[in-house]
Amino acid sequence: MIKIRVIIILSLLTISNGYSQEIEKRYHSVPNAHYEHTDGPYVFIEKNGLIEKTIKKGMVFSRVLAAGMYDTVFPPEKSTYHTKKNIVALSDLHGQYDLAVKLFRNNKIIDKNLNWNFGKGHLVIVGDIFDRGDKVNELLWLIYKLEGQAKNEGGRVHFLLGNHEYMVLHNDLRYIHEKYNLTSELLNVAYNDLYGLNTVLGRWLRSKSTILKINNTVFVHGGVSADFMAVNDIDFDTINDIMRKSINRSKKEMKATDFYNIYYGDKSLIWYRGYFKDNLSETDITNLLKMVNSEHIVVGHCSNEEVVPLFNNKIFGVDSSIKKGKYGEVLFIKNKKFSRGTLDGKKIHF
Ligand code: CA
């Protein structure tokens, strides 16, 4: 805490004549990073209310928010939905806020003011908003806002957790953008605790599902493997509940049994890459679809240059490499028809 105060005082003292030597030394690899650092808001749920912390140009601003400004209780999401409306899916946004906004706007999912524009449709984020990029927090708040707006219009936003959500929530910070080390230091809060149980977004994240079924289509970040289904029932509510509860379990404890391997191993819902790597036959896929009583599975996690159909449209891969920050696509599903939406908003039917 003392260190943080020193940094803030130093930055106050030296704001007019460049940055202090101490700060220069500590952030020499990123010139001026400290002064240009802007992040947040992070909203903490404390005894005396909601505390919002924001960083602007290296300075931390705190304020107490009016009670009720944000929900603090988020019931677990449902695992199954039916709709006759449009469905749109994408994944692996990895902090690429600006590109995601462009993709959403051009495909009319949001309007020019970043508000929900998809009516009663369903938007599915198939995991991995966290890590790599430098606008993770902005993206989470955008999805949070759209979720509320969609609900008000009879639509839905589903944010499914991917391996990178689980990594960060389990304090595996190997892939966070370096910017977030500075945020963590300035706020004096470990990065994973910025999304901990006493934060608005942390509780919101802990209400999310890992696997979802809409109509005849399953959505899941990595995929459903035969190995996974061999030891799990088709009851998605139960599976989601197991995953949700595992967020607050230690890795060590989970690794003491088969649990970690089943739910976090390479055949798990969040890490599986089999549709792309395992040379499965179409019969294998048909059998898998029977196991989950569905006709299609939509996955992220394996990066391609665009949205890709596999096994005669039984499987769709929606990780279109948004993480590179250059291009991205979405998958539309309407009346059992599939098409991909390009970054420019063109629709190409499969
Ligand atoms: Ca992934």
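Preceding this paragraph is the structure being described.
Only a predicted model underlies this, so the values are computations on that prediction, with no experimental measurement involved.

1. A short note on a positive patch on the surface
Taken together, the side chains of Lys-85, Lys-120, Lys-334 and Lys-347 define a basic patch exposed on the protein surface. Checked against the element boundaries, Lys-120 lands in the loop between helix H4 (97-106) and strand S6 (122-126).

2. Description of the sheet that holds strand S5 (residues 87-90)
The strand order across the open sheet built from six strands is S7-S6-S5-S13-S14-S15, with neighbouring strands paired in mixed fashion. Edge positions in the open sheet fall to strand S7 (156-160) and strand S15 (347-349), since each of these has one partner strand only. For this sheet the average axis-to-axis angle between neighbouring strands, irrespective of direction, equals 25 degrees. The pairing of S5 with strand S13 (residues 330-334) spans three bridges and is antiparallel. Across the sheet, Ala-89 pairs through a bridge with Leu-331, a residue of S13. In this fold helix H5 (residues 136-152) packs onto S6 and S7, with an angle of close to 145 degrees to the strand it touches most, S7.

3. Some points on the coordination of the calcium ion
The protein atoms that coordinate the calcium ion are Asp-128 (OD), Asn-163 (OD1), His-221 (NE2) and His-301 (ND1), at distances spanning 2.2 to 2.4 Å. Sequence positions of the residues that donate to the calcium ion give the spacing D-x34-N-x57-H-x79-H. Of this pair, Asp-128 sits in the loop between S6 and H5 while His-301 sits in the loop between strand S10 (296-299) and strand S11 (308-310), and the two are 173 residues apart along the sequence. The pair formed by Asp-128 and His-301 is uniform in burial state, with each residue classed as buried.

4. So, unusual backbone geometry
Between Gly-40 and the following residue, Pro-41, the backbone shows a cis peptide bond with an omega angle of 5 degrees. Within the element layout of this structure, Pro-41 appears in strand S1 (residues 39-46). Even without being glycine, Asn-215 reaches a positive phi, approximately 55 degrees. Turning to its location among the elements, Asn-215 is positioned in the loop between strand S8 (211-214) and strand S9 (217-220). Even without being a glycine, Phe-311 presents a positive backbone phi close to 50 degrees.

Calculation notes
Residues numbered from 1 in each chain as written. Predicted model: local features only at pLDDT ≥ 70, side-chain atom pairs only at ≥ 80, totals over all residues. Heavy atoms only, no water. Patch = residues over 30% accessible without salt bridge, like charges linked within 9 Å, V, L, I, M, F, W, Y side chains within 5 Å. Areas by Shrake-Rupley, 256 points an atom, 1.4 Å probe, with all protein chains shown as cover. Salt bridge = Lys/Arg side-chain N within 4 Å of Asp/Glu carboxyl O. Lys, Arg positive; Asp, Glu negative; His and termini not counted. Charge placed at Lys NZ, Arg CZ, Asp CG, Glu CD. Helix = DSSP H or I, 4+ residues; strand = E, 2+ residues; numbered from the N terminus. Pairing = 2+ DSSP bridges. Axes fitted to C-alpha atoms, helices over the stretch in contact; angles between N-to-C directions. Contact = heavy atoms within 4.5 Å. Donors = N, O, S within 2.8 Å, 3.2 Å for Na, K, Ca; no water. Buried < 20%, exposed > 50% of the residue type's maximum accessible area, 1.4 Å probe, protein only.

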